[in-house]
Amino acid sequence: MSLDSKIPSGPIEKKWEKHKFESKLINPANRRKYEIIIVGSGLAGASAAATLGDLGYKVKCFCYQDSPRRAHSIAAQGGINAAKNYQNDGDSVYRLFYDTIKGGDFRSREANVYRLAEVSANIIDQCVAQGVPFAREYGGLLANRSFGGAQVSRTFYARGQTGQQLLLGAYSGLVKQIAAGTVQMFPRTEMLDLVLVDGHAKGIVVRDMVTGEISSHAGDTVVLATGGYGNVFYLSTNAKGCNASAIWRAHKKGAYMANPCYTQIHPTCIPVTGDYQSKLTLMSESLRNDGRVWAPKQQGDKRPPNEIPDSERDYYLERKYPSFGNLAPRDISSRAAKQACDEGRGVGSTGLGVYLDFADAIKRLGEPLIRERYGNLFDMYHKITNEDAYKVPMRIFPAVHYTMGGLWVDYNLMSNIPGLHVMGEANFSDHGANRLGASALMQGLADGYFVLPSTIGNYLSTQLGKKASPDHPEFKKAEQEVNNRVRNMLSIRGKRSVDSFHRELGLLVWDKCGMARNEAGLKEALQRIPELRKEFWKNVNVLGENEELNQSLEKAGRVADFLEFGELMCLDALHRKESCGGHFREEYQTPDGEAQRDDADFAYVGAWESPGNGAAPVLHKEPLDFENVHLATRNYK
Amino acid sequence: MNLNLKVWRQKNADAPGKLVEYPAHNIPEDASFLEMLDIVNEELISKNEEPIAFDHDCREGICGMCSLVIDGVAHGPNRATTTCQLYMRHFQDGATISIEPFRAASFPVLKDLIVNRSALDRIQQAGGFITARVGSAPDGNSVPVPKQNADLAMDAAACIGCGACVAACPNASAMLFVSAKVSQLALLPQGQPERTRRVLQMVRKMDEEGFGNCSNHYECEAVCPAEIKATFIAKLNREYAIANVKDLLA
């Protein structure tokens with residue numbers, strides 16, 4: 001199958017306008033005849049469910065948490081970008097577009113990114129109208145700050161809880177529609193398979209996580225908004241429940257998985273302290289506006305940070321990237337931290353950490369202002385580490401945070417499977433090989449409030465009266481498969497817990513497919529992952545039954561999918577013989593250690609097809625054309 | 001450190017539950033409370049005993065999914081802290097720790113330490129929103145909001161919806177939760193058109209769901225991980241009284 005991205009013709013600034021005009025409309029009286037299944041209730045899922053419900057469609061929305069308000073979008077701290085130019089500092093839609101293309105290391109689609117920048121301003125208006133309490137100036141106008149990878153102040157924020165406030169805004173729209181009866185909500189319900197009827201996505205099989213009941217839901221289209229796959233690494237900043245099962249099940253039913261090797265390692269997280277650790281905690285990138293990153297100049301310098309004089313500190317981001325300094329993009333900052341630690345200059349008990357120091361900012365601005373800006377982050381840091389960052393510098397280290405790869409979608413956000421739409425982090429489309437700070441919230445809400453509601457008609461208009469019944473044999477077959485898999489997992493009763501497999505997989509992919517990758521390591525991972533998977537299916541111990549609330553069983557299903565997904569991620573990383581953004585292949589770097597792209601051979605989206613029956617994945621390529629922003633080496637110096 | 005846990009075990013909503021004792025060995029001081037439970041669960045699994053079920057997700061104090069009443073206090077002994085952000089260094093080696101679910105008639109236990117808090121969602125459905133159709137929003141800066149109002153609205157909006165306020169209240173009242181949303185939206189200009197209707201409907205739903213009333217114990221404020229102030233309950237009472245009068249006159 002060829003990949004038709006359906007990018008509209010014409011100049012970039014007219015494409016979205018033109019596409020909206022050319023898109024099919026659904027007559028208001030007909031909308032209630034369409035049933036839309038949305039999986040996930042984060043920024044993308046909740047905003048889409050609220051908007052489509054408001055338009056009059058019948059929506060069913062599913063989430064694994066006990067309430068849609070808990071989706072992991074809630075944990076985003078720093079902010080959301082929008083090309084408002086409220087600060088009069090030279091921002092524009094074109095500049096946000098340009099920064100995002102460049103930040104993504106020229107591996108994203110120009111048309112999608114331009115559209116994202118274009119609707120960004122509408123997102124802020126929408127959120128303000130919903131009562132999102134963004135930070136404001138004394139004059140009552142909206143406040144902004146700058147964020148990693150940008151030289152303008154275009155980031156809107158609500159203290160250190162921007163994701164929470166945006167999600168609660170989307171949730172408020174969602175609950176209104178639930179009360180109005182247009183959206184039916186299914187909390188504590190997990191999607192376990194996608195169902196295709198005559199090649200079209202027509203429904204899902206789900207498990208009720210309280211009763212264990214496995215059932216089918218049929219609709220006219222299925223929308224996945226299920227987030228990223230960062231938890232394949234076990235330790236990440238994702239919530240414990242975040243998983244790739246929905247997108248992986250869809251992949252196994254034919255949806256192409258694009259660029260799975262593009263994973264974002266966030267530079268400012270609290271370092272790992274022990275093997276009992278269950279997750280990593282992000283310290284917002286906004287801290288880099290006032291904090292200075294440094295490591296000791298000397299190897300193995302064990303003096304407390306306050307005893308190391310300025311002359312013996314290496315403010316390496318300021319040294320290497322003088323024009324961006326501490327605001328260098330995430331991939332670059334993470335690699336620089338790794339490099340300092342690899343050189344034996346890391347700090348903390350494990351030597352895997354660098355300092356983020358606020359002493360200068362406190363001297364310049366005073367502690368009260370720093371407390372007002374970042375108080376909740378300093379408190380969180382104190383709770384976790386028992387250290388007071390007002391007095392001693394924070395210790396930080398990179399951690400898995402976001403995944404740019406995901407299911408392939410066209411300009412309509414539809415995958416190669418007709419009727420399967422994918423939004424937010426679950427798709428691959430807007431961030432290329434590296435996401436800029438404060439752009440994830442922007443994409444989730446752009447997709448849900450503005451893009452999908454405008455494009456979904458293109459598919460739905462072809463489907464009036466073609467809804468499948470949940471009694472269709474394809475649904476029965478999928479239910480049977482899900483049942484068999486669940487029974488199989490429960491019957492193994494081996495010697496190892498689900499978590500022990502997950503930890504082992506996580507360590508392996510972090511080591512071989514983390515911040516730096518090389519051919520030998522990836523080949524080793526590609527050999528070891530199938531072995532681990534084989535052992536899982538022989539030796540995992542999942543206690544209890546299906547017909548009850550069973551958290552081990554939930555985890556087992558997700559880890560089983562990660563054990564397959566991880567292999568494709570490594571395969572993609574092996575095939576991409578270049579370094580770009582978050583994908584750093586040690587063989588491909590410039591003499592001073594920067595990522596070296598190979599535009600002649602790799603300026604494409606790598607979309608993998610699963611042929612089934614154990615056959616090797618097949619690679620399809622969507623070439624990326626850069627008509628507006630010319631391919632250039634990223635330079636933050 | 002070594003600990004002795006007394007944990008509420010309950011097979012499902014209909015089964016009777018009881019406290020069961022479990023030893024917890026070699027717990028690192030830097031582990032979080034939930035990581036301590038993870039370690040205990042791994043040991044239970046290795047002995048083919050069913051692990052303890054508890055709700056959790058983000059483990060960074062913001063999603064509101066984790067709960068637990070620890071030694072009689074919702075979210076445990078530390079102020080302004082969710083269970084997932086509580087670290088073992090705050091406990092004594094050798095301590096006995098009791099772990100129970102959030103208890104309230106409106107929060108039925110589903111299994112072990114997991115309760116059903118969907119009543120809180122239903123209160124939000126009754127009116128916890130501003131109607132704002134996509135496409136109809138004016139420019140974000142078209143209506144300036146004084147900083148102090150925006151800040152106060154944000155103080156209220158910080159509620160994570162965990163339900164600790166209900167679990168801590170002798171009346172199992174949800175008034176701190178309801179007051180947070182009512183106050184946030186009443187403080188903003190965008191929230192004015194639906195202000196009267198919102199408070200009346202949310203309070204009505206709160207009563208229907210079986211939550212009690214506030215009788216000024218302030219236990220809710222004491223356990224709230226998001227530090228929502230009980231003064232918002234006073235604001236809720238004012239909003240409710242004024243709305244009733246307006247409703248009467250209309």
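Residues numbered from 1 in each chain as written. Chains lettered and ligands numbered in written order. Predicted model: local features only at pLDDT ≥ 70, side-chain atom pairs only at ≥ 80, totals over all residues.

**Q** Tell me what's going on with the overall build of chain A, and back it up with residues and numbers.
**A** Across its full length, chain A holds 17 helices and 19 strands. For chain A, the C-alpha radius of gyration of 24 Å lies close to 26 Å, the compact-globule estimate for 637 residues. Dimensions of chain A along its principal axes, counting C-alpha atoms only, are 75 × 60 × 50 Å. Of all 637 residues assigned to chain A, the portion counted as buried reaches 60%. (Helix = DSSP H or I, 4+ residues; strand = E, 2+ residues; numbered from the N terminus. Rg over C-alpha atoms; globule rule 2.2 N^0.38 Å. Buried ≥ 20, exposed ≤ 12 C-beta atoms within 10 Å, placed from the backbone.)

**Q** Now, about the overall build of chain B: what can you tell me, with residues and values included?
**A** If you tally the helices and strands in chain B, you get eight helices and seven strands. Along the longest, intermediate and shortest principal axes, the C-alpha atoms of chain B span 65 × 35 × 35 Å. Looking at chain B residue by residue over its 250 residues, the buried ones come to 54%. Pairs at least 24 residues apart make up 70% of the contacts formed inside chain B by residues separated by at least 6 positions. (Contact = placed C-beta atoms within 7 Å.)

**Q** Provide a residue-level description of the sheet that holds strand 8 (residues 214–218) of chain A, including the pertinent values.
**A** All names here are of chain A. Taken in spatial order, the three strands make up an open sheet running 6-7-8, and their pairing is antiparallel. Strands with a single pairing partner mark the edges of an open sheet, and in this sheet they are strand 6 (189–197) and strand 8. Neighbour-to-neighbour, the strand axes of the sheet open up by a mean angle of 30 degrees, direction not taken into account. (Pairing = 2+ DSSP bridges. Axes fitted to C-alpha atoms, helices over the stretch in contact; angles between N-to-C directions.)

**Q** Break down the nonpolar core for me, with residues and values.
**A** Side chains of a nonpolar character, in soluble globular proteins, are inclined to be buried together. Leu224 and Leu407 of chain A together with Cys165 and Leu176 of chain B are the most contacted members of the largest nonpolar core, which totals 289 residues. Apart from residues no more than four positions distant in its own chain, Leu224 of chain A is found in contact with Val39, Gly40, Ala246, Ile247, Ala250, Leu407, Val422 and Ala426 of chain A. (Core = buried A, V, L, I, M, F, W, Y, C linked by C-beta atoms within 7 Å.)

**Q** Before we move on, could you go through the domain arrangement of chain A and cite the residues and values that matter?
**A** All names here are of chain A. Structurally, chain A comprises domain 1 (265–400) and domain 2 (479–597). The gap between the C-alpha centroids of domain 1 and domain 2 is 30 Å. Top element by residues in the side of domain 1 that touches domain 2 is helix 9 (residues 330–342). It accounts for five residues. By residue class, the composition of the side of domain 1 that touches domain 2 is two nonpolar, two polar and three charged. (Domains from an automatic or database assignment. Nonpolar A, V, L, I, M, F, W, Y, C, P; charged D, E, K, R; others polar.)

**Q** So what about the domain arrangement of chain B? Which residues, and what values?
**A** Residue and element names in this part refer to chain B. The domains assigned to chain B are domain 1 (3–111) and domain 2 (117–249). For domain 1 versus domain 2, the distance between C-alpha centres works out to 29 Å. Class assignment of the residues belonging to the side of domain 1 that touches domain 2 gives a composition of nine nonpolar, seven polar and one charged.

**Q** Lay out unusual backbone geometry in plain terms, naming residues and giving numbers.
**A** The phi angle at Leu413 of chain A is positive, at roughly 70 degrees, despite the residue not being glycine. In this structure, Leu413 of chain A sits in the loop between strand 16 (406–407) and strand 17 (420–422). Positive phi, normally seen in glycine, also occurs at Ala172 of chain B, with a value near 50 degrees. Examined against the element boundaries, Ala172 of chain B turns out to sit in the loop between helix 4 (164–168) and helix 5 (175–186). Judged by local crowding, Ala172 of chain B falls into the buried class, with 20 C-beta atoms found within 10 Å.

**Q** Requested: an account of the packing of helix 6 (residues 162–180) of chain A against helix 2 (residues 118–127) of chain B, with residues and values cited.
**A** The N-to-C vectors of helix 6 of chain A and helix 2 of chain B enclose an angle of 85 degrees; their axes lie 8 Å apart at closest approach. As far as their axial angle goes, helix 2 of chain B and helix 6 of chain A are roughly perpendicular. Within the contact between the two elements, helix 6 of chain A uses Val175, Ile178 and Ala179 of chain A and helix 2 of chain B uses Asp121, Gln124, Gln125 and Ala126 of chain B. Class assignment of the residues belonging to the contact of helix 6 of chain A with helix 2 of chain B gives a composition of four nonpolar, two polar and one charged. (Parallel < 35°, antiparallel > 145°, perpendicular 65-115°, else oblique.)

**Q** Explain the sheet that holds strand 3 (residues 69–70) of chain B to me, and be specific about the residues and the numbers.
**A** Residue and element names in this part refer to chain B. The sheet built from five strands is open, its strands ordered 2-1-5-3-4 with mixed pairing. In this open sheet, the two edge strands, each paired with only one partner strand, are strand 2 (18–24) and strand 4 (73–74). Note: strand 1 (residues 3–9) against strand 2, seven bridges, orientation antiparallel. Residue pairing for strand 2: Arg9 is matched across the bridge by Lys18.

**Q** Tell me about helix 1 (residues 12–22) of chain A, and please be specific about residues and values.
**A** Residues and elements named next belong to chain A. Considered for burial, the residues of helix 1 that qualify are Lys15, Trp16 and His19. An end-on view of helix 1 places all buried positions within 85 degrees of arc, on one side of the element. Helix 1 presents Lys14 and Phe21 as exposed residues on the side facing more than 90 degrees away from its buried surface. Where the residues of helix 1 are buried, they touch helix 5 (110–130). (Arc of directions from axis to C-beta.)

**Q** Give a description of the interface of chain A and chain B that names residues and reports values.
**A** Taken together, the contact between chain A and chain B spans 63 residues of the former and 65 residues of the latter. If you list the elements that add at least two residues to the side of chain A that touches chain B, you get helix 3 (43–55), helix 5, helix 6, helix 11 (367–385) and helix 16 (551–575) of chain A. By residue number, the principal contributor to the side of chain A that touches chain B is helix 6 of chain A, which donates nine residues. By residue class, the composition of the side of chain A that touches chain B is 23 nonpolar, 26 polar and 14 charged.

**Q** Lay out helix 8 (residues 231–249) of chain B in plain terms, naming residues and giving numbers.
**A** Residue and element names in this part refer to chain B. Helix length check: helix 8, at 19 residues, gives a terminal C-alpha distance of 27 Å against a target of 27 Å (1.5 Å per residue), a fit within 8%. If you check which residues of helix 8 are buried, you get Phe232, Ile233, Lys235, Leu236, Glu239 and Ala243. All buried residues of helix 8 project into a common sector of 150 degrees when viewed along the axis, lining one side. Residues of helix 8 that are exposed and point over 90 degrees away from its buried face: Ala241, Val245, Leu248 and Leu249. Looking at the buried residues of helix 8, the elements they touch are helix 3 (147–157), helix 5 and helix 6 (195–208). (Expected span 1.5 Å × (residues − 1).)

**Q** How would you sum up the environment of Glu219 of chain B? Please name residues and give values.
**A** Relative to the assigned elements, Glu219 of chain B resides in helix 7 (residues 219–223). Setting aside anything within four residues of it in sequence, one finds Glu219 of chain B in contact with Ala168, Cys169 and Pro170 of chain B.

**Q** Residue-level account of the pairing of strand 5 (residues 96–100) of chain B, with values.
**A** Residue and element names in this part refer to chain B. Relative to strand 5, strand 1 is paired through four bridges, and the arrangement is parallel. Within strand 5, the position partnered with Asn4 by the bridge is Thr96. Alignment of strand 3 against strand 5, held across two bridges, turns out to be antiparallel. Residue pairing across strands places Val69 opposite Glu100, the latter belonging to strand 5.

**Q** Describe the environment of Val93 of chain A, and please don't skip the residues or the numbers.
**A** All names here are of chain A. Assignment of secondary structure puts Val93 in helix 4 (residues 93–103). C-alpha of Val93 to C-alpha of Thr281: the two residues are 188 residues apart in sequence and 32 Å apart in space. Leave out the neighbours within four places in its chain, and Val93 touches Ala83, Ala117 and Glu118.

**Q** Help me get a handle on the confidence of the model for chain B, residues and values and all.
**A** Mean pLDDT over chain B works out to 97, with 100% of the residues at or above the 70 mark. At the level of chain-chain contacts, confidence expressed as ipTM amounts to 0.98, with global pTM at 0.97. (pLDDT = per-residue confidence, 0-100.)

**Q** Could you give me a rundown of the environment of Leu168 of chain A, with the residues and numbers involved?
**A** Among the secondary structure elements, Leu168 of chain A is positioned in helix 6. With 29 C-beta atoms counted inside 10 Å, the residue Leu168 of chain A sits in the buried group. When the C-alpha positions of Leu168 of chain A and Arg70 of chain A are compared, they lie 9.1 Å apart, and in sequence the two are 98 residues distant. When near neighbours in sequence (up to four residues on either side) are disregarded, Leu168 of chain A contacts Arg69 of chain A together with Ala157 of chain B.

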